[in-house]
Amino acid sequence: MAQSMSFVIVVTILLSAPLCFAHKSGGGGGGGGSLYPQFYDRSCPKAKEIIKSIVAKAVAKEARMAASLLRLHFHDCFVKGCDASILLDSSGSIISEKGSIPNRNSARGFEVFDEIKSALEKACPSTVSCADIMAIVARDSTVISGGPSWEVPLGRRDSTGASLSGSNNNIPAPNNTFQTILTKFKLKGLDIVDLVALSGSHTIGDARCTTFRQRLYNQSGNGLADFTLDQSYASQLRARCPRSGGDQNLFFLDFVTPTKFDNSYFKNLLASKGLLNSDQVLVTKNQQSMGLVKQYAENMELFFQQFAKSVLKMGNISPLTGSRGEIRKNCRKINS
């Protein structure tokens, strides 16, 4: 009897342990620690609930906000890893990443993180990192828009610096070649499957005229439009994206279901109606990526499954854990 009881206790301990969810922290050395979903279960049990309610309120107020919040997670992880460096304002020795080419006049939603952090500091001071908030917000924004859910491994800490040059150089740009984009992904440990799946986040959100104008008027420096762009769609775009002026005019990345997280984005690519050059090259420049686009266009569940896997993989790029970094009290500035 005693033997069987001890077996039950061991099994119970194993089942309740977070190891099956743990992700070894990649990149960098020292500090130790793994990421796992239950990280705040005792120290801040209402953290996920607080974050979700504020994200839901922000997206209800403005549907576009879901894409903006999700995008910040991408732009953070591709620079120095997932450490909330993108949230830092310029101060002292810090030059903010907000002024980089990929972020200037386009990165937004910082006030949502301010509100979340303020609420969490009241509930459990100096406990939940801004980097973990970003990872949870990316998931919640996706789910609220109709996309897949996933368990977010937690335990990241916040950086005490930013990298303007990293932001300018590491984040894939709308006019990059396919090979350049793929190289930027590979440098972060992500592959072509991750590239196509994560590009699917363009099923929600907007892009500015300035990010795709060259496709309408001068794709290859010869004064001609991009021949891979559907011409009737191109003429619609030209109506609000002139040769000069209107740089900040917004256009849906997925004109079919712009606020719904689904697989319309991939169907648009197959119809030559991808908005950005970085979207359309997925079907025009590489056979493997074109095959993936076709699979996701035909099977939304397959896309959802891979998107969740790829976001988890991206969220594990060089996190600060253990004794590295800090837990910021204000996401915009390092602790003094």
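Remember, it's a predicted structure, so these values are computed and weren't measured experimentally.

Criteria and cut-off values
Position labels on residues start from 1 in each chain and follow its written sequence. Only residues with pLDDT of at least 70 are given local features in this predicted model, and only at 80 or more are side-chain atom pairs given and counted; all residues enter the totals for whole chains, interfaces and linings. Excluded from the side-chain calculation are hydrogens and water; included are all heavy atoms of the structure. The way it works is that DSSP assigns letters per residue, a run of H or I at least four long becomes a helix, a run of E at least two long becomes a strand, and they are numbered from the N terminus. To get the radius of gyration, use the C-alpha atoms; to get the globule rule, take the number of residues to the power 0.38 and multiply by 2.2 Å. Categorising residues by exposure relies on relative accessible area from a 1.4 Å probe, with only protein chains included: less than 20% of the type maximum marks a residue as buried, more than 50% marks it as exposed, and the intermediate range marks it as partly exposed. Whether two residues are in contact is decided by their heavy atoms: any pair within 4.5 Å suffices. Charge convention: Lys and Arg are scored as positive, Asp and Glu as negative, and His as well as the terminal groups of each chain are ignored. Each charge is placed at NZ for Lys, CZ for Arg, CG for Asp and CD for Glu. By this rule the span expected of a helix is its residue count minus one, scaled by 1.5 Å. A pair of sulfur atoms, both from cysteines and within 2.5 Å, is called a disulfide here. Only the contacting stretch of a helix is used when fitting its axis, a line to C-alpha atoms as for every element, and angles between N-to-C directions run 0 to 180 degrees. For classification, angles of less than 35 degrees are called roughly parallel, those exceeding 145 degrees roughly antiparallel, those between 65 and 115 degrees roughly perpendicular, and all remaining angles oblique. For a crossing to be left-handed, the near helix must be turned anticlockwise from the far one by less than a right angle; the clockwise case is right-handed. In this classification, Asp, Glu, Lys and Arg are treated as charged, Ala, Val, Leu, Ile, Met, Phe, Trp, Tyr, Cys and Pro as nonpolar, and every other residue, Gly included, as polar. One speaks of a salt bridge when a side-chain nitrogen belonging to Lys or Arg is within 4 Å of a carboxyl oxygen belonging to Asp or Glu. Two aromatic rings from Phe, Tyr or Trp, using only the six-membered ring of Trp, form a pair when their centres are within 6.5 Å; if the ring planes differ by under 30 degrees the pair is stacked, by over 60 it is edge-to-face, and anything between is tilted. Confidence scores per residue from the predictor, reported as pLDDT, run from 0 to 100. Exposure above 30% relative accessible area and no salt bridge define the residues that can form patches, which grow by joining like charges within 9 Å and nonpolar side chains of Val, Leu, Ile, Met, Phe, Trp and Tyr within 5 Å. All accessible areas in this document rest on Shrake-Rupley with a 1.4 Å probe, and a residue is counted as covered only by the protein chains that are shown.

Asker: How should I be thinking about the overall build of the chain in this particular structure?
Answerer: The helix and strand tally for the chain stands at 14 helices and 4 strands. Rg of the C-alpha trace for the chain: 21 Å, near the compact-globule value of 20 Å for 336 residues, within the 12% margin. Seen along its three principal axes, the alpha-carbon backbone of the chain occupies a region of about 80 × 50 × 40 Å. For the chain, the residues scored as buried account for 49% of the 336 residues in total. Relative to all contacts within the chain whose residues are 6 or more apart in sequence, the contacts with residues 24 or more apart total 74%. When the 39 basic and 27 acidic side-chain charges of the chain are each reduced to a single mean position, those positions are 3 Å apart.

Asker: Would you mind going over helix H5 (residues 130-144) with me for this structure?
Answerer: Since the α-helix advances by 3.6 residues per turn, residues separated by three or four positions end up pointing in the same direction. The first and last C-alpha atoms of H5 sit 20 Å apart over 15 residues, in line with the 21 Å expected at 1.5 Å per residue. In terms of residue burial, H5 counts as a mostly covered element, since 13 of its 15 residues are buried. Positive phi shows up at glycine 146, right after H5, with a value of about 100 degrees.

Asker: What am I meant to see in the state of the cysteines here?
Answerer: Disulfide: a covalent bond formed between the sulfur atoms of two cysteine residues. In the structure shown here, the tally under the stated rule is 4 disulfides. The disulfide that involves cysteine 130 links it to cysteine 331, with 2.1 Å between the sulfurs. Across the S-S bond of cysteine 130 and cysteine 331 the torsion is about -100 degrees, and the bridge reads as left-handed. Here cysteine 130, found in helix H5, pairs with cysteine 331, found in the segment after helix H14 (300-314); they are 201 residues apart in sequence, far enough to count as distant. Each member of the pair cysteine 130 and cysteine 331 is classed as buried. What connects to what in the chain, once the bonded cysteines are numbered by sequence position, is 1-4, 2-3, 5-8, 6-7.

Asker: For this particular structure, what's the right way to read the packing of helix H2 (residues 47-61) against helix H4 (residues 110-123)?
Answerer: For any two helices packed against each other, the geometry is given by the interaxial angle and the distance between the axes. At a minimum axis separation of 10 Å, H2 and H4 run at an interaxial angle of 150 degrees. Here H2 is positioned roughly antiparallel relative to H4, judged by the angle of their axes. In the packing of H2 onto H4, the handedness of the crossing is right-handed. Two secondary-structure elements touch here, H2 through Ala47, Ile50, Ile51, Ile54, Val55, Lys57 and Ala58 and H4 through Val112, Glu115, Ile116, Ala119, Leu120 and Ala123. Of the residues belonging to the contact of H2 with H4, the class tally is 11 nonpolar, no polar and 2 charged.

Asker: Sorry, what's going on with the pattern of salt bridges here?
Answerer: Counted by the stated rule, this structure contains 14 salt bridges. Via salt bridges that share partners, Asp89, Lys98, Asp114 and Arg332 belong to a single interconnected network.

Asker: Explanation requested: the packing of aromatic side chains in the structure shown.
Answerer: Where two aromatic rings form a pair, the distance of their centres and the angle of their planes describe that pair. Considering all chains together, one arrives at 15 aromatic pairs under this definition. The interplanar angle of 65 degrees and the centroid separation of 6.1 Å between the aromatic rings of tryptophan 150 and phenylalanine 307 together place this pair among those described as edge-to-face. Of this pair, tryptophan 150 sits in the loop between H5 and helix H6 (164-170) while phenylalanine 307 sits in helix H14, placing them 157 residues apart in sequence. Of the residues examined, phenylalanine 307 reaches a relative accessible area of 0% and is grouped as buried. Taken together, Trp150, Phe261, Tyr265, Phe266, Tyr296, Phe303, Phe304 and Phe307 form an aromatic cluster joined through their ring pairs.

Asker: What's the story with the side chain of glutamine 280 in this structure? I'm lost.
Answerer: Relative to the assigned elements, glutamine 280 resides in helix H12 (residues 277-284). With a relative accessible area of 2%, glutamine 280 lands in the buried category. Ignoring sequence-local partners within four residues, the contact set of glutamine 280 consists of Arg215, Thr228, Leu269, Ser272, Lys273 and Gly274.

Asker: Would you explain the confidence of the model for the chain in this entry?
Answerer: Do not read the predicted coordinates in detail wherever pLDDT is low. Of all residues in the chain, 90% have pLDDT values of 70 or greater, and the mean over the chain is 91. Under a pLDDT of 50 for its full length, residues 1-22 has, in the predicted model, 10 contacts with residues more than four places off or in other chains. The low-confidence segment residues 24-32, where pLDDT is below 50, has 23 contacts with residues more than four positions distant or belonging to other chains.

Asker: I would appreciate a short explanation of the environment of isoleucine 171 in the present structure.
Answerer: Its place among the elements puts isoleucine 171 in the loop between H6 and helix H7 (178-186). Take isoleucine 171: its relative accessible area is 3%, and that puts it in the buried class. Sequence separation of isoleucine 171 and phenylalanine 185 is 14 residues, and the distance between their C-alpha atoms is 8.8 Å.

Asker: What exactly am I supposed to notice about a nonpolar patch on the surface here?
Answerer: There is a patch of nonpolar side chains on the surface, built from Phe252, Phe255 and Val256 and spanning about 260 Å² of accessible area. Within the fold, phenylalanine 255 resides in the loop between strand E4 (250-252) and helix H11 (264-270).

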